[in-house]
Amino acid sequence: LAGIDAAKGDAAAPAAPPAAKTKLTILFATESGNSEALANAAKKDAQKRGFAPRVLDMADIAPAALAEAENLLVIASTWGEGEAPQRAAPFMRALLAEDAPALEGVTFAVLALGDSSYAQFCETGKQIDARLEALGARRIAPRLDCDLDYEAPAANFIDSLFTSLAPQADAGSVIHVDFHRAEGVEISKANPFEAEVAALHPITSSRSESETLHLELDLTGSGLSYEPGDTLGIAPTNAPSLADAILGATGLAGDAAAREALIRERDITTLTPKLIADYAALTGEAKLAALAADEAARTAFIAGRQPLDLFEAFPHRIDAGQLAGLLRKLPPRYYSIASSQKLVGDAAHLAIAKVAYESAGRARLGVASGMVAERLREGDTLPIHIKANPHFRLPEDSSAPIVMIGAGTGIAPYRAFLQEREATGASGRTWLIFGHRRFTHDFLYQLEIQDWLKSGVLNEIDLAFSRDQPEKRYVQHVLWERRAALQAQLAEGATLYLCGDAKAMARDVDATLAHILGGDDAAKGQAALDALIAAGRYKKDVY
Ligand code: 2AM
């Protein structure tokens, strides 16, 4: 290990100055902040253990910056279908390019975060791990791929990595920071606050094809605070009817403890390749083993299906412990906060679209949105925590213009921005470009928005209702029509925001923005967009 050898050499020399601290570079790639938070916690731990650590964001550097890194810990999230976090994309392109710099002399370890329900689980971490080795760097620990419940395995990985990097450390002086629980009694994912539901009502008309609810949570007594742009995590419960169906299919009907665990603790709606493989191993059924082993057949089976479909297609009696062991831990669901504490005080507002669809012959409901829409009542409490979203904040200069582009519940953080601007009287120009299905049913927060237009908190609005005319009209069509005004705002120093659907909308909006900025020169447009992102003037919160 480069760092340790150097330290030993120094110590052996008789009149040498104190051994130089072992250098450690912690490089993260984050979309929603998990990798960033881990990197910062790891840095604190490393400092306490006597390393000289620094934290780098992949969004801010090029691969050449790693040539000087002696010991490198990479903490990388994967996003969407095996993609890198958006702001890390230029770094990843450069790392994978043929002219990437040689990294001999660098030792590294990769901690990958992901979601095992995606086929390309932890793909970004895997790519980095393979590429660093190909560029001549030396792997000092096998990569760890973490699922949504990453906190404990990630903390253990970092702990043993640091221990192996500094075996010479005096054990008595090592303070192990358990960053899994370092927050102590603070409200966190592991220790949520029971927030009372102060208000819950639809903000779409009863004839809307996409019901959206406005939820107000009382934070009194929690000590919680948030900034506009931050997100709120809800620990949901599963539908009791779905839990009962699973108990029936696995021969556990009537087992009250198993039922409780399914409702409160286990993820009973996500079918992963691992679940199929584990169920095959548990039951020894040949057809299941064949399905688990055949990637194409497995992917086709998983599409639109959930664990219940698997248990019904391959019925076996299993015990409660085995059932719990097959299912992931139920993860929280995150929503952009739709309020500013400067206006609402000890409260947080959310806009929640009810997810309801049919697949593989069965009606399905989103876990959290289904719970909120069907079972939650005013006066109930809900376990919640706040997750900061430092990359989706209002500009520091409150006189700078902002352009807010959003579709559907993508309006939520803009309501927070506008409440903040109302409360502070900030002078920056505000322009909202909002898209949804129908003007009469789906104009979320219409009355408030009209009031803001009247009072001047909101200076300009453009609407794109997609289903009010034969041809689809989307936010990117508005952007294109209003490209001259957009360019003018950018020239004035505007920051652009984009919130809403990642797959279709964000991709199309990006393409339109690149077209506006680069004309027919696609590369020029992309470069201009990348430059805006790098300057913090194009911020996305897409899901
Ligand atoms: P649609 O469902 O009528 O196609 C919020 O969901 C809004 O985003 C809806 O008006 C929806 O339109 C629209 N939407 C769907 N696909 C989109 C895309 N590729 N770009 C922009 N908006 C889109």
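Below or above, wherever it landed, is the structure these notes cover. The shown structure was predicted, so the numbers you read here are calculated from the model rather than taken from an experiment. (Residues numbered from 1 in each chain as written. Predicted model: local features only at pLDDT ≥ 70, side-chain atom pairs only at ≥ 80, totals over all residues. Heavy atoms only, no water.)

### Digging into the overall build of the chain
Check the secondary structure of the chain and you find 21 helices and 19 strands. In summary, the chain has a C-alpha radius of gyration of 25 Å against a globular reference of 24 Å for 543 residues, a match within 12%. Counting only C-alpha atoms and orienting by the principal axes, one finds that the chain spans roughly 80 × 65 × 50 Å. Within the chain, buried positions represent 49% of all 543 residues. Contacts in the chain between residues far apart in sequence, at least 24 positions, make up 77% of those at least 6 positions apart. (Helix = DSSP H or I, 4+ residues; strand = E, 2+ residues; numbered from the N terminus. Rg over C-alpha atoms; globule rule 2.2 N^0.38 Å. Buried < 20%, exposed > 50% of the residue type's maximum accessible area, 1.4 Å probe, protein only. Contact = heavy atoms within 4.5 Å.)

### A word on the site of the ligand
In the neighbourhood of the ligand, the contacting residues comprise Ala407, Gly408, His436, Arg437, Ser466, Arg467, Lys472, Tyr474, Gln476, Ala504, Met505 and Asp508. Within the contact set of the ligand, an oxygen atom lies 2.7 Å away from a side-chain nitrogen or oxygen of Arg467. Relative to its unbound accessible surface of 470 Å², the ligand loses 80% to contact with the protein. Of all the elements, helix 20 (residues 502–518) adds the most residues to the shell around the ligand, at three residues. (Near = heavy atom within 4 Å. Polar contact = N/O pair within 3.5 Å; in protein donor to acceptor, adjacent residues only side chain to side chain. Areas by Shrake-Rupley, 256 points an atom, 1.4 Å probe, with all protein chains shown as cover.)

### A word on the nonpolar core
Core analysis: the largest hydrophobic core is formed by 28 residues, its most contacted members being Ile246, Leu262, Ile276, Tyr279, Leu310, Phe311 and Leu323. Top contributing element to this core by residue count: helix 6 (residues 240–249), with five residues. Apart from residues no more than four positions distant in its own chain, Ile276 is found in contact with Leu271, Leu288, Leu291, Ala292, Arg298, Phe301, Ile302 and Leu310. By size, the runner-up hydrophobic cluster in this structure holds 26 residues, among which are Val403, Ala506, Ile516 and Leu532. (Core = buried A, V, L, I, M, F, W, Y, C linked by side-chain atoms within 4.5 Å.)

### Describing the pairing of strand 1 (residues 23–29)
Within strand 1, six of the seven residues are buried, leaving the element largely enclosed by the surrounding structure. In this structure, strand 1 lies alongside strand 2 (residues 52–57), joined through six bridges in parallel fashion. Residue pairing for strand 2: Leu24 is matched across the bridge by Pro53. Handedness of the strand 1-helix 2 (residues 34–48)-strand 2 crossover: right-handed. (Pairing = 2+ DSSP bridges. Right-handed = clockwise from strand over helix to strand, strands pointing away.)

### Here we look at the layout of surface pockets
Put simply, the second largest pocket is a space of about 290 Å³. Along the walls of the second largest pocket sit 19 residues, with Ala239, Leu242, Ala363, Arg364 and Leu365 positioned nearest its centre. Those elements that place two or more of their residues in the lining of the second largest pocket are helix 6, strand 13 (362–365) and helix 14 (367–374). Among the residues forming the lining of the second largest pocket, the class breakdown is eight nonpolar, seven polar and four charged. (1 Å grid on protein atoms, 1.4 Å probe; cavity = no way out; pocket = protein on both sides within 12 Å on 5 of 7 lines; lining within 4 Å. Points joined across faces, edges and corners; volume = space filled by probe spheres on them. Nonpolar A, V, L, I, M, F, W, Y, C, P; charged D, E, K, R; others polar.)

### Quick look at the pattern of salt bridges
Under the defined criterion, the tally for this structure stands at 32 salt bridges. We note a salt bridge from Arg139 to Asp129, for which the minimum N-O separation is 3.0 Å. Taken as a pair, Arg139 in strand 5 (residues 138–139) and Asp129 in helix 4 (residues 123–134) lie far apart in primary sequence, ten residues in all. On the basis of relative accessibility, which here comes to 28%, the residue Arg139 falls in the partly exposed class. The residue Arg507 makes a salt bridge to Asp508 at a minimum N-O spacing of 3.5 Å. The exposure class of Arg507 is exposed, given its relative accessible area of 54%. (Salt bridge = Lys/Arg side-chain N within 4 Å of Asp/Glu carboxyl O.)

### Focus: the sheet that holds strand 17 (residues 460–465)
With respect to topology, five strands assemble into an open sheet ordered 17-16-15-18-19, the strand pairing being parallel. In this open sheet, the two edge strands, each paired with only one partner strand, are strand 17 and strand 19 (538–542). Across the sheet, the axes of successive neighbouring strands diverge by a mean angle of 10 degrees, strand direction being ignored. Relative to strand 16 (residues 430–436), strand 15 (residues 402–407) runs parallel, the two being bridged by six bridges. Bridge pairing in strand 16 places Gly406 opposite Phe434. (Axes fitted to C-alpha atoms, helices over the stretch in contact; angles between N-to-C directions.)

### Observations regarding the pairing of strand 15
Of all the six residues making up strand 15, five are buried; the element is thus mostly covered by neighbouring parts of the structure. For the crossover from strand 15 across helix 15 (residues 412–424) to strand 16, the handedness is right-handed.

### Observations concerning unusual backbone geometry
One non-glycine residue with positive phi stands out, namely Ala360, at about 45 degrees. Examined against the element boundaries, Ala360 turns out to sit in the loop between strand 12 (356–359) and strand 13. According to the relative accessible area criterion, Ala360 is partly exposed, its value standing at 45%.

### Some thoughts on the packing of aromatic side chains
Going through the model one piece at a time under the given rule, you end up with 13 aromatic pairs. Each ring, one from Phe392 and one from Phe417, has its centre 5.8 Å from the other, and the planes form 25 degrees; the classification is stacked. Of the two residues, Phe392 is situated in the loop between strand 14 (381–387) and strand 15 and Phe417 in helix 15; the sequence distance between them amounts to 25 residues. Owing to a relative accessible area of 0%, Phe417 belongs among the buried residues under this scheme. Seen from their ring centres, Phe439 and Phe443 are 5.7 Å apart, and the 55 degrees between their planes marks the pair as tilted. On the basis of relative accessible area, Phe439 is assigned to the partly exposed category, the value being 36%. Phe443 sits in the buried class, given a relative accessible area of 8%. Taken together, Phe392, Tyr414, Phe417 and Tyr497 form an aromatic cluster joined through their ring pairs. Seen from the ring of Phe301, Arg305 lies directly overhead, with NZ or CZ sitting 4.7 Å from the centre. (Phe/Tyr/Trp six-rings, centres within 6.5 Å; stacked < 30°, edge-to-face > 60°. Lys NZ or Arg CZ within 6 Å of the ring centre and 35° of its normal.)

### So, helix 7 (residues 256–264)
For an α-helix, 3.6 residues make a turn, and residues three or four places apart therefore share a direction. Buried within helix 7 are the following residues: Ala258, Ala261, Leu262 and Ile263. Buried-residue contacts for helix 7 involve helix 6 and helix 12 (320–326). Sitting at the head of helix 7, Asp255 places a side-chain oxygen 3.2 Å from the backbone nitrogen of Ala257.

### Topic: the packing of helix 19 (residues 483–491) against helix 20
For the pair helix 19 and helix 20, the least separation of the axes is 11 Å and the interaxial angle reads 75 degrees. The pairing of helix 19 with helix 20 is recorded here as roughly perpendicular in orientation. Residues Arg483, Leu486, Gln487 and Leu490 of helix 19 pack against Leu513, Ile516 and Leu517 of helix 20. Of the residues assigned to the contact of helix 19 with helix 20, the class counts are five nonpolar, one polar and one charged. (Parallel < 35°, antiparallel > 145°, perpendicular 65-115°, else oblique.)

Taken by themselves, the reported measurements are silent on function.
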